[in-house]
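Remarks on the overall topology
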Amino acid sequence: METMKRTATCGALRKEDTGTSVILNGWVHRNRNHGGIHFINLRDRYGTTQIVIDQDAEEALRQQAELLKFEYCIAVRGVVRERPDTMKNPAMATGDIEVAASEIEVLSTCKTLPFMIDEESDAKEDLRLAYRYLDLRSEGMQRRIRLRHEFTFAVREYLSREGFYEIETPTLIKSTPEGARDFLVPSRVQPGKFYALPQSPQLFKQILMVSGFDKYFQIARCYRDEDARGDRQLEFTQIDIEMSFVSREDVFRVTEGMFGHVFEKTLAMDLPAAFRRITYADAMNTYGSDKPDLRFDLPIVSFDAFAQKSSFNAFTGALESGGCVKALVAPGCAGYSRKLITELEAAARIYKAKGMAWMKVAAEGFEGGVSKFFNDSFDDITSALNASEGDLIVMVADSWLITCNALGAVRNKLGHDLGLADPKRFEFCWIIDFPLFEYQEEEGRWAAAHHMFSMPQARYLDTMEADPGSVKGDLYDLVLNGYEVASGSIRIHDPEIQKRIFRIVGFSEEEAEERFGFLLNAFSYGPPPHGGIAPGLDRMLMIISEQTSIKEVIAFPKNSVGVSPMDDSPSVVDAVQLKDLHISLDLPDTTETD
Ligand code: ASP
């Protein structure tokens, strides 16, 4: 190997290197024989270089080239030469040159590939994951893993410069309060006892504040046993941040500064110095979502006044039962077929709307759908909704929450269908003034909307028990292009307020003591006021690399049922291991066989 150690990478050589003798190491990406000339695309992490074995090369070398298959790992010695003008490839960084080979060494061979190493690979997901080491060789995965590194590096650079310490917290802990199911790890030396894997470092970062580390961060792995979806995995990574002696404004400033730095470093893109702020209520009313996609406008508008005056029972009935009616203008969609309208309605129904009314805007009046109920108010409605000829108006009448959510889903679908959601635009916004509590219908009780350690806004402190539903929290989300990319809050550091919150969410003192006693105890030793935030790293990377699944930015993700087809985890363990852990299995009956 010593003699054939690389002198350049496959992405490095340019016209200026013409005449240089080089050795390249890499993988055979393509190997073509054009009329007796071999063209090999040799690939490594840095790029691809064209290797040429000329017609007049030694016969042994030509025969060797003939035998090179996809993904053989080889070393090539040769001389850099400029390609003839007609053969230059401006799409390749090394496209002006090629290397005329004089010696090839096969470092290792490769079996027949299960799929081609290619970004456009349409190989089934499980196959990609089973051979993840091959999938990771693709240009797209290599680019995204590099982006991940650069992004995390820039985060560390910014936060360290701002005086933050990176501190690791344990992964074998007592349960954390993020509200998902815990992964449990049995203790061998403490029979019958279990550690939980952290759903986030929440309690530890708050304790670090008590310890005086007033600016903390961690690129932290979090574990939540919940259904995997496009933007969720059982294990994922957060940029976990906590600060002492701060208000919401300080947390916002650090987060904005951090993403400003990171976007400049990784995407050469300037972000606004401060992000827009929208209250939860405005976001729901105007965009039908607490994670609005602000790359397009399409506002939702109240239709109550027109519904009230109409004789359309479905609308007046909704108003009488305390609900509302809202409308959304689909610009230029008057030509939508019945089928397309039904598809929009299907989006509304996912969010429990009983139906979606519609009418088309023509020159003189409304047409189709529910138009006959509203033609009398044509001018008023079109001006209130800013609608014009050729538009489609869709409406939902239901409880406030269902109406907002349903039209929010229609709005998102329209944004995508009409091509308004430009993947290269990044629209951040803060959502503020969230309710602190959410009513759990099934359980008939109040629950914390974020987690139980978030501070109520000061003006609600006197009325918290009397009217939990009206309490706004000192909590916030950061939203990017329709995704929640971070949430955080100013925390409670006053044990009395903490106890009141536990009481409102029906958490007995014993239970609170049992689960979080150590935190409450720490809070009796001079805790500083503090707050923080935790941006999701995978989700951010997914969005900026224009993907729809976080698996595309994680080196070794699990599939949708939590399995890693490559190393076949989770897997059965042998009886001795279980015995050591004092565990016996009580498996459900299953008719499935392997
Ligand atoms: N621990 C919270 C979460 O994971 C974030 C925070 O409040 O800092 O959502």
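Refer to the preceding data block for the structure.
The model shown is predicted, which means the values in this text are computed figures rather than measured ones. (Residues numbered from 1 in each chain as written. Predicted model: local features only at pLDDT ≥ 70, side-chain atom pairs only at ≥ 80, totals over all residues. Heavy atoms only, no water.)

Describing the environment of serine 545
This is how the line gets drawn: The secondary structure listing takes helices from DSSP runs of H or I that are at least 4 residues long and strands from runs of E that are at least 2 residues long, numbered from the N terminus. Residues count as neighbours in contact if any of their non-hydrogen atoms are within 4.5 Å of one another.
Along the chain, serine 545 turns up in the loop between helix H16 (537–544) and helix H17 (575–580). A C-alpha to C-alpha distance of 8.9 Å links serine 545 and lysine 424, two positions 121 residues apart in sequence. Sequence-distant contacts of serine 545, defined by excluding residues within four places in its chain, comprise Arg144, Leu147 and Val553.

Some thoughts on the packing of aromatic side chains
Quick reminder of the rule: Put simply, two rings from Phe, Tyr or Trp (the six-membered ring, in Trp's case) pair if the centres are within 6.5 Å, and we call them stacked under 30 degrees between planes, edge-to-face over 60, tilted for the rest. For each residue, the accessible area found with a 1.4 Å probe, counting protein chains only, is set against the maximum for its type, and the residue is called buried under 20%, exposed over 50%, and partly exposed in between.
Counting across every chain of the model gives 27 aromatic pairs. Ring centres of tyrosine 165 and phenylalanine 213 lie 6.1 Å apart, and the angle between their planes is 55°; on these two criteria the pair is classed as tilted. Linking tyrosine 165 in strand S6 (residues 165–166) with phenylalanine 213 in the loop between helix H5 (202–210) and strand S9 (215–223), this pair joins segments that are 48 residues apart in sequence. Between phenylalanine 453 and phenylalanine 516, the aromatic rings sit 5.2 Å apart at their centres with planes inclined by 85°, giving edge-to-face as the arrangement. Taken together, the residues span a long stretch of sequence, with phenylalanine 453 in the loop between strand S19 (445–448) and strand S20 (475–480) and phenylalanine 516 in helix H15 (residues 509–522) at a distance of 63 residues. Of the two residues, phenylalanine 453 and phenylalanine 516, neither departs from the other in class, the shared state being buried. A connected cluster of aromatic rings, assembled from ring pairs, spans Phe151, Phe252, Phe259, Phe263, Phe275, Phe426, Phe428, Trp430 and Tyr476.

Examining empty space enclosed by the protein
If a probe as big as a water molecule is rolled over the atoms, it shows which places are left empty. We count it as follows: Of the grid points, spaced at 1 Å and generated over the protein atoms alone, those admitting a 1.4 Å probe that cannot get out make up cavities, while open sets with protein on both sides within 12 Å along at least five of seven lines make up pockets; any residue with an atom within 4 Å of a point is treated as lining. Grid points are joined across faces, edges and corners, and a volume is the space filled by probe spheres set on the points. Side-chain classes are defined by residue name, with Ala, Val, Leu, Ile, Met, Phe, Trp, Tyr, Cys and Pro counting as nonpolar, Asp, Glu, Lys and Arg as charged, and the others, Gly among them, as polar.
Applying the stated criterion across every chain, the model contains 1 cavity of 30 Å³ or more. Taken as a whole, the largest cavity spans an internal volume of roughly 30 Å³. If you go around the largest cavity, the residues you meet are Leu129, Arg132, Ala555, Phe556, Pro557 and Ser564. Residues of the lining of the largest cavity, tallied by class, amount to 4 nonpolar, 1 polar and 1 charged.

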